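Chain by chain, the residues:
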Amino acid sequence: MTAELHSRRSVLTTGAAVAGAAVGTVALAACGGGSGASAEAPKPGGKVIALAEVPVGEAKSAKTPDGQDVIVAQPTAGTVACFSAICTHQGCTVNAPKGGELDCPCHGSVFDALTGAVKKGPADKPLPKVNVKVENGQVTTA
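So, a few notes on the structure that sits alongside this text. (Residues numbered from 1 in each chain as written. Predicted model: local features only at pLDDT ≥ 70, side-chain atom pairs only at ≥ 80, totals over all residues. Heavy atoms only, no water.)

1. Concerning the sheet that holds strand 3 (residues 69–74)
At step 1: Taken together, 3 strands build an open sheet; the order of strands is 2-3-4 and the sheet is antiparallel. Of all strands in the sheet, those with a lone pairing partner are strand 2 (58–63) and strand 4 (81–84), marking the two edges. When the angles between neighbouring strand axes are averaged without regard to direction, this sheet yields 25°.
At step 2: Here 4 bridges tie strand 3 to strand 4, and the two strands are oriented antiparallel to one another. Paired with isoleucine 71 across the strands is phenylalanine 83, a residue of strand 4. (Pairing = 2+ DSSP bridges. Helix = DSSP H or I, 4+ residues; strand = E, 2+ residues; numbered from the N terminus. Axes fitted to C-alpha atoms, helices over the stretch in contact; angles between N-to-C directions.)

The following block contains the structure:
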(Lines give C-alpha, C1' and ligand atoms only; values in the text may rest on other atoms or scores of the structure.)
Protein backbone atom coordinates (compact mmCIF):
# COMPACT_ATOMS: atom_id res chain seq x y z
CA MET A 1 0.00 0.00 0.00
CA THR A 2 2.84 2.41 0.78
CA ALA A 3 4.43 1.88 -2.64
CA GLU A 4 1.04 2.44 -4.31
CA LEU A 5 0.51 5.70 -2.37
CA HIS A 6 4.04 6.84 -3.21
CA SER A 7 3.40 6.07 -6.90
CA ARG A 8 0.16 8.12 -6.93
CA ARG A 9 1.86 11.03 -5.16
CA SER A 10 4.69 10.98 -7.75
CA VAL A 11 2.20 11.03 -10.62
CA LEU A 12 0.22 13.90 -9.08
CA THR A 13 3.23 16.06 -8.20
CA THR A 14 4.87 15.40 -11.57
CA GLY A 15 1.61 16.27 -13.34
CA ALA A 16 1.30 19.50 -11.34
CA ALA A 17 4.88 20.47 -12.15
CA VAL A 18 4.34 19.83 -15.87
CA ALA A 19 1.10 21.86 -15.84
CA GLY A 20 2.84 24.71 -14.01
CA ALA A 21 5.68 24.73 -16.53
CA ALA A 22 3.19 24.81 -19.42
CA VAL A 23 1.37 27.80 -17.92
CA GLY A 24 4.67 29.62 -17.41
CA THR A 25 5.69 28.95 -21.01
CA VAL A 26 2.40 30.30 -22.35
CA ALA A 27 2.75 33.44 -20.20
CA LEU A 28 6.28 34.10 -21.51
CA ALA A 29 5.23 33.44 -25.09
CA ALA A 30 2.57 36.15 -24.76
CA CYS A 31 5.37 38.60 -23.91
CA GLY A 32 7.22 37.89 -27.11
CA GLY A 33 9.81 35.40 -25.93
CA GLY A 34 11.87 37.52 -23.59
CA SER A 35 14.86 38.14 -25.82
CA GLY A 36 14.35 41.84 -26.36
CA ALA A 37 16.24 41.40 -29.63
CA SER A 38 15.10 43.20 -32.72
CA ALA A 39 14.19 41.51 -35.97
CA GLU A 40 16.40 41.55 -39.05
CA ALA A 41 17.03 44.92 -40.67
CA PRO A 42 14.45 45.65 -43.36
CA LYS A 43 15.49 45.42 -46.99
CA PRO A 44 16.75 48.76 -48.36
CA GLY A 45 14.73 50.90 -50.75
CA GLY A 46 11.22 50.14 -49.53
CA LYS A 47 8.70 52.92 -48.84
CA VAL A 48 7.73 53.20 -45.18
CA ILE A 49 5.58 56.34 -45.06
CA ALA A 50 5.22 59.70 -46.80
CA LEU A 51 7.15 62.38 -44.90
CA ALA A 52 4.07 64.63 -45.09
CA GLU A 53 2.16 62.09 -42.95
CA VAL A 54 4.53 62.65 -40.02
CA PRO A 55 3.98 66.12 -38.49
CA VAL A 56 7.09 68.01 -37.37
CA GLY A 57 7.76 67.27 -33.70
CA GLU A 58 5.68 64.09 -33.75
CA ALA A 59 5.93 60.39 -34.59
CA LYS A 60 3.75 57.84 -36.35
CA SER A 61 3.46 54.07 -36.34
CA ALA A 62 4.23 52.46 -39.69
CA LYS A 63 5.32 49.20 -41.30
CA THR A 64 8.29 48.47 -43.50
CA PRO A 65 7.52 46.82 -46.85
CA ASP A 66 8.50 43.47 -45.30
CA GLY A 67 5.95 43.96 -42.49
CA GLN A 68 8.12 45.09 -39.56
CA ASP A 69 6.43 47.45 -37.10
CA VAL A 70 8.36 50.72 -36.82
CA ILE A 71 8.01 54.23 -35.44
CA VAL A 72 8.89 57.12 -37.76
CA ALA A 73 9.54 60.52 -36.16
CA GLN A 74 10.23 63.97 -37.58
CA PRO A 75 11.87 65.81 -34.66
CA THR A 76 12.60 68.89 -36.81
CA ALA A 77 11.51 69.77 -40.34
CA GLY A 78 13.12 67.36 -42.80
CA THR A 79 14.93 65.35 -40.09
CA VAL A 80 13.70 61.78 -39.79
CA ALA A 81 14.32 59.11 -37.17
CA CYS A 82 13.03 55.57 -37.36
CA PHE A 83 13.20 52.74 -34.87
CA SER A 84 11.68 49.36 -34.19
CA ALA A 85 8.29 49.31 -32.47
CA ILE A 86 9.31 46.17 -30.58
CA CYS A 87 9.94 46.76 -26.87
CA THR A 88 13.47 45.87 -25.80
CA HIS A 89 12.21 44.39 -22.53
CA GLN A 90 10.39 41.30 -23.76
CA GLY A 91 9.46 41.84 -27.38
CA CYS A 92 5.93 43.27 -27.22
CA THR A 93 4.85 45.82 -29.83
CA VAL A 94 4.54 49.30 -28.33
CA ASN A 95 1.32 51.27 -28.70
CA ALA A 96 0.99 54.05 -31.28
CA PRO A 97 2.68 57.31 -30.26
CA LYS A 98 0.62 59.40 -27.87
CA GLY A 99 1.70 62.66 -26.23
CA GLY A 100 5.32 62.20 -27.32
CA GLU A 101 5.55 58.76 -25.73
CA LEU A 102 5.35 55.11 -26.72
CA ASP A 103 3.86 52.83 -24.09
CA CYS A 104 4.46 49.10 -23.96
CA PRO A 105 1.16 47.40 -23.11
CA CYS A 106 2.82 44.32 -21.60
CA HIS A 107 4.91 45.61 -18.70
CA GLY A 108 4.60 49.40 -18.71
CA SER A 109 7.88 50.51 -20.28
CA VAL A 110 7.70 54.01 -21.76
CA PHE A 111 9.87 55.29 -24.62
CA ASP A 112 10.39 58.78 -26.09
CA ALA A 113 8.47 58.84 -29.39
CA LEU A 114 11.04 61.09 -31.11
CA THR A 115 14.20 59.26 -30.08
CA GLY A 116 13.24 55.75 -28.93
CA ALA A 117 15.04 56.38 -25.61
CA VAL A 118 13.75 54.67 -22.46
CA LYS A 119 11.81 57.06 -20.23
CA LYS A 120 10.54 54.41 -17.78
CA GLY A 121 11.47 50.73 -17.31
CA PRO A 122 11.51 47.82 -16.95
CA ALA A 123 13.12 48.17 -20.42
CA ASP A 124 16.70 49.36 -20.03
CA LYS A 125 17.68 49.69 -23.71
CA PRO A 126 16.33 52.15 -26.31
CA LEU A 127 14.29 50.92 -29.26
CA PRO A 128 16.68 49.77 -32.02
CA LYS A 129 17.26 52.26 -34.84
CA VAL A 130 16.14 51.45 -38.36
CA ASN A 131 18.13 53.09 -41.15
CA VAL A 132 15.95 55.26 -43.36
CA LYS A 133 16.34 58.18 -45.75
CA VAL A 134 14.00 60.65 -47.44
CA GLU A 135 13.63 60.34 -51.21
CA ASN A 136 11.10 62.34 -53.20
CA GLY A 137 9.05 63.06 -50.09
CA GLN A 138 8.97 59.40 -49.05
CA VAL A 139 10.66 57.84 -46.02
CA THR A 140 12.36 54.70 -47.33
CA THR A 141 14.54 52.03 -45.79
CA ALA A 142 18.24 52.59 -46.35
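2. Some points on the state of the cysteines
At step 1: In this structure the tally under the stated criterion is 1 disulfide.
At step 2: The residue that forms a disulfide with cysteine 92 is cysteine 106, at a sulfur-sulfur distance of 2.1 Å. Note on the cysteine 92 and cysteine 106 pair: the S-S dihedral is about -105°, so by sign convention the disulfide is left-handed. With a gap of 14 residues between them, cysteine 92 in the loop between strand 4 and strand 5 (101–103) and cysteine 106 in the loop between strand 5 and strand 6 (110–112) connect regions that are remote in the sequence.
At step 3: By relative accessible area, which is 7% here, cysteine 92 ends up buried.
At step 4: Cysteine 87 takes part in no disulfide bond, and the closest cysteine sulfur to it belongs to cysteine 104, at a distance of 3.9 Å. (Disulfide = S-S within 2.5 Å. Buried < 20%, exposed > 50% of the residue type's maximum accessible area, 1.4 Å probe, protein only.)

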